[in-house]
Amino acid sequence: QKEVEQNSGPLSVPEGAIASLNCTYSDRGSQSFFWYRQYSGKSPELIMSIYSNGDKEDGRFTAQLNKASQYVSLLIRDSQPSDSATYLCAVNIITNFGNEKLTFGTGTRLTIIP
Amino acid sequence: DAGVTQSPTHLIKTRGQQVTLRCSPISGHKSVSWYQQVLGQGPQFIFQYYEKEERGRGNFPDRFSARQFPNYSSELNVNALLLGDSALYLCASSLVDSLNQPQHFGDGTRLSIL
């Protein structure tokens, strides 16, 4: 089982609709979760961080965390063509040696169709 | 304020050579971490340094090494380059030593091995 899993897509969503991106993780002890957006040829940029169960909203973005199910998601409302990018889920995992590593999923490629 | 800066932006090397990549963190950030991103995959954690000490290491061979300087800038060295080392190398910085806080990425160094 991969430490962080995402559906690689591509996911196509009509402009103005809600895009839903999902991520599961294997380390039950993980406490910190992040969503990054990466445009083609660019570096990742942080969209949201979430640490507690439930929803966290920031503008058109909502992150949802369910630690019992080891599941984190990102909703994008009123999707715009500029939202077309790869979305990376990242989880801070404590290794067997007691140090931390930020572990990314493979990313979901999202395309917003005008 | 300047963001994370990396140099060079592009680099071409041949198999067996050695390479040094450089990173300057955001002013005031004391933590630097390095990631390798192969095309179509998410970033993979290589190292984290905080206050010049190694705090974490990913599953990379000993050919990969890094260090952090008193001004918190960092270098990543890769010896005996292999074709598989071709990737985008990303540096990220943050204020604190824990990877529980969001990491801010530079634009990366694209390394091509011929």
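1. Considering the overall build of chain B
Assigned secondary structure in chain B consists of 0 helices and 11 strands. The order of helices and strands in chain B, counted from the N terminus, is β-β-β-β-β-β-β-β-β-β-β. For 114 residues, the compact-globule formula gives about 13 Å, and the C-alpha radius of gyration of chain B, at 13 Å, lands near that figure. Referenced to the eigenvectors of the C-alpha coordinate spread, the extents of chain B come out at roughly 35 × 25 × 25 Å. Here chain B holds 114 residues, and the buried ones make up 51% of them. Intrachain contacts of chain B at a sequence separation of at least 6 include 54% that bridge at least 24 residues. Carbon and sulfur atoms make up 48% of the accessible area of chain B, which totals about 5400 Å². Each charge class in chain B can be summarised by its mean position, and for the 10 positive and 9 negative side chains these summaries are 7 Å apart.

2. Looking at unusual backbone geometry
Residue and element names in this part refer to chain B. In this structure, the amide linkage connecting Ser-7 to the following residue, Pro-8, adopts the cis form with an omega of -10°. Of note, Lys-52 is a non-glycine position whose phi angle comes to about 75°, a positive value. The backbone of Ala-80 sits at a positive phi, close to 45°, despite the residue not being glycine. Mapped onto the elements of the fold, Ala-80 is located in the loop between strand 8 (74-78) and strand 9 (87-94).

3. Describing the sheet that holds strand 1 (residues 5-7) of chain B
All names here are of chain B. Strand order in the open sheet formed by 4 strands is 1-3-8-7, and the pairing between neighbours is antiparallel. Pairing within the sheet leaves two strands with one partner each, and these edge strands are strand 1 and strand 7 (64-68). Between one strand axis and the next, the sheet turns through 15° on average, direction left out of account.

4. Focus: the state of the cysteines
Under the counting rule described, the total for this entry stands at 2 disulfides over all chains. Note on cysteine connectivity: Cys23(A) is disulfide-linked to Cys89(A), with sulfurs 2.1 Å apart. Between Cys23(A) and Cys89(A), the S-S torsion sits near -70°, and that sign places the bridge as left-handed. Highlighted residues: Cys23(A) in strand 3 (residues 19-25) and Cys89(A) in strand 9 (residues 85-94), separated in sequence by 66 residues. Take Cys23(A): its relative accessible area is 0%, and that puts it in the buried class. In this structure Cys89(A) comes out as buried when scored by relative accessible area, which is 0%. Between the sulfur atoms of Cys23(B) and its disulfide mate Cys91(B) the distance is 1.8 Å. Across the S-S bond of Cys23(B) and Cys91(B) the torsion is about -60°, and the bridge reads as left-handed.

5. A word on the sheet that holds strand 3 of chain A
Residue and element names in this part refer to chain A. Within the open sheet, the 5 strands sit side by side as 1-3-8-7-6. Their pairing is antiparallel. The two strands at the open ends of the sheet, each matched to only one other strand, are strand 1 (4-6) and strand 6 (54-58). For this sheet, the mean inter-axis angle between neighbouring strands, taken without regard to orientation, is 20°. As defined by bridge partners, strand 3 adjoins strand 8 (residues 71-76) across 6 bridges and the pair is classed as antiparallel. Bridged to Cys-23 within strand 8 is Val-72.

6. Some words on the packing of aromatic side chains
Scanning the model with the defined rule gives 11 aromatic pairs over all chains in all. Centroid distance Phe104(A) to Phe105(B): 6.1 Å. Interplanar angle 70°. Geometry classified as edge-to-face. Of this pair, Phe104(A) sits in strand 10 (residues 100-104) while Phe105(B) sits in strand 10 (residues 104-105), placing the two residues on different chains. You can call Phe104(A) buried: its relative accessible area is 8%. Given a relative accessible area of 11%, Phe105(B) falls into the buried group. Geometrically, the ring pair formed by Tyr35(B) and Phe45(B) is edge-to-face, given 5.8 Å between the ring centres and 65° between the ring planes. Highlighted residues: Tyr35(B) in strand 4 (residues 31-37) and Phe45(B) in strand 5 (residues 44-50), separated in sequence by 10 residues. Chaining the aromatic ring pairs together yields one cluster made of Phe34(A), Tyr36(A), Tyr51(A), Phe104(A), Tyr35(B), Phe45(B) and Phe105(B). One residue, Arg60(A), lies across the ring of Phe61(A), its end atom 5.5 Å from the ring centre.

Parameters and conventions
- Residues numbered from 1 in each chain as written.
- Chains lettered and ligands numbered in written order.
- Predicted model: local features only at pLDDT ≥ 70, side-chain atom pairs only at ≥ 80, totals over all residues.
- Heavy atoms only, no water.
- Helix = DSSP H or I, 4+ residues; strand = E, 2+ residues; numbered from the N terminus.
- Rg over C-alpha atoms; globule rule 2.2 N^0.38 Å.
- Buried < 20%, exposed > 50% of the residue type's maximum accessible area, 1.4 Å probe, protein only.
- Contact = heavy atoms within 4.5 Å.
- Areas by Shrake-Rupley, 256 points an atom, 1.4 Å probe, with all protein chains shown as cover.
- Lys, Arg positive; Asp, Glu negative; His and termini not counted.
- Charge placed at Lys NZ, Arg CZ, Asp CG, Glu CD.
- Pairing = 2+ DSSP bridges.
- Axes fitted to C-alpha atoms, helices over the stretch in contact; angles between N-to-C directions.
- Disulfide = S-S within 2.5 Å.
- Phe/Tyr/Trp six-rings, centres within 6.5 Å; stacked < 30°, edge-to-face > 60°.
- Lys NZ or Arg CZ within 6 Å of the ring centre and 35° of its normal.

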